[in-house]
Amino acid sequence: MTAVSSLNIIESTCYEPWEVQIEPFAVTDQIFYVGNKWVGAYLIDTGDGLILLDTTTAETAYLLLNSIYKLGYRPEEIKMILLSHAHVDHYGAARFLKELSGAEIWLSREDEEFRKTDGAAESGGLFVPFREYSFETDRYYDDSTPILLGNVEIRTRLTPGHTPGVTSFFIYTDDKKCGRIVSAIHGGVGVLTMSDESLDRAGLSRELRKRFIKDCHDLKDISVDICLPSHPAHAPLFEKREQAADGDKNPFIDRDGWARFLDDRVQYAIKLEEEADSHFEAK
Ligand SMILES: [Zn+2]
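Conventions and cut-offs
- Residues numbered from 1 in each chain as written.
- Predicted model: local features only at pLDDT ≥ 70, side-chain atom pairs only at ≥ 80, totals over all residues.
- Helix = DSSP H or I, 4+ residues; strand = E, 2+ residues; numbered from the N terminus.
- Rg over C-alpha atoms; globule rule 2.2 N^0.38 Å.
- Buried ≥ 20, exposed ≤ 12 C-beta atoms within 10 Å, placed from the backbone.
- Pairing = 2+ DSSP bridges.
- Right-handed = clockwise from strand over helix to strand, strands pointing away.
- Arc of directions from axis to C-beta.
- Contact = placed C-beta atoms within 7 Å.
- Axes fitted to C-alpha atoms, helices over the stretch in contact; angles between N-to-C directions.

Student: What exactly am I supposed to notice about the overall build of the protein chain here?
Tutor: Secondary structure summary: the protein chain contains 10 helices and 12 strands in total. Its C-alpha radius of gyration of 18 Å places the protein chain within 12% of the 19 Å reference for a compact globule of 283 residues. When the 283 residues of the protein chain are sorted by exposure, 45% land in the buried category.

Student: Where do I start with the pairing of strand S5 (residues 78-82) in this structure?
Tutor: A regular strand places its side chains so that they alternate between the two faces of the sheet. Burial runs high along S5: four of the five residues are buried. Where strand S4 (residues 50-53) and S5 come together, four bridges link them in parallel fashion. By the bridge assignment for S5, Leu52 is matched with Ile81. With helix H2 (residues 61-70) bridging S4 and its parallel neighbour S5, the resulting β-α-β unit is right-handed.

Student: Would you take a moment to explain the sheet that holds strand S12 (residues 226-227) for this structure?
Tutor: Working definition: the strands of a sheet are paired by backbone hydrogen bonds and lie parallel or antiparallel to each other. Reading across the sheet, the five strands line up as S8-S9-S10-S11-S12 and stay open at both edges, with mixed pairing between neighbours. Where the open sheet ends on each side, the last strands, each with one partner, are strand S8 (147-149) and S12. Examined bridge by bridge, strand S11 (residues 179-185) and S12 share two bridges and lie parallel to one another. What sits directly across from Ala184, in S12, is Cys227.

Student: When you look at H2 in this model, what are you seeing that I'm missing?
Tutor: What sets the pattern is the α-helix's 3.6 residues per turn: residues three or four places apart point alike. Among all positions in H2, only Ala61, Leu63, Leu64, Ser67 and Ile68 are buried. Seen along its axis, H2 keeps its buried residues to an arc of 165°; they face one direction. Those residues of H2 hidden inside the fold are in contact with strand S3 (42-45) and helix H4 (94-101). One or two positions beyond H2, positive phi appears at Gly72, with a value near 95°.

Student: What should I look at first to understand the sheet that holds strand S2 (residues 31-33) in this one?
Tutor: Strand order in the open sheet formed by seven strands is S1-S2-S3-S4-S5-S6-S7, and the pairing between neighbours is mixed. Every other strand in the sheet has two partners, leaving strand S1 (25-26) and strand S7 (139-140) as the edge strands with one partner each. The sheet contact formed by S1 and S2 spans two bridges and is antiparallel. Across the sheet, the residue bridging to Phe25 is Tyr33, located in S2. Along the sheet, H4 contacts S4, S5 and strand S6 (104-107); its crossing angle with S5, the most-contacted strand, is approximately 160°.

Shown next, in the form of structure tokens:
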């Protein structure tokens, strides 16, 4: 019998990872959710091998692997591991997956530098001792050159704020019902790391928060069919999954969802910015 846990979802992920297990599911014909209840990970079937976007933590690696198998794939088929940013909840299982698959690990140059600094651990701010395994980054994103594999194209965009090297992804895939569609992932919208205190502690510039706010406004101009959250709590992904069973429309397609998501996330950063301004004025 499973006792009701008194841990929060981050603690559960670390100490009792089975509690955050969730069945994998298809978002489009080519994109699958393989993350857990707390942190997202997406498997992309390119027709010429798999791309894994984020890896979750080392503690939950076995859940991720099981999800890949349940979908009928094998980890050996992964050719690229794309990391959204250098926090352990996203790269924690990268080493395991690379050892299994030989896949290339991609990260931004900015976060490759950042993760070598003392500030990186501070910036995570998770207050839970997730296991860390070293890994080497094989490739850096070049936002002017799309990542191509099979029939999938992924355009990247540096969107700093949450860390200096957060990368966002625009994934072009084919869908039987809808044709060519664009799914987008903002790589890091958590504002806890964007307070003056957190930025100072991590040795980062307060300008990062301003940049995040500006980018959120600019990104709204990009037309997106499906908004995929890097943490499922940030957008209604699981709720839409419930609707997937009935009807022949893809419930994840929501052409206003991306702008709504960015508007929603940016307001927390704007609030921090206003607070910082008022402190400044009070001095
Ligand atoms: Zn993070």
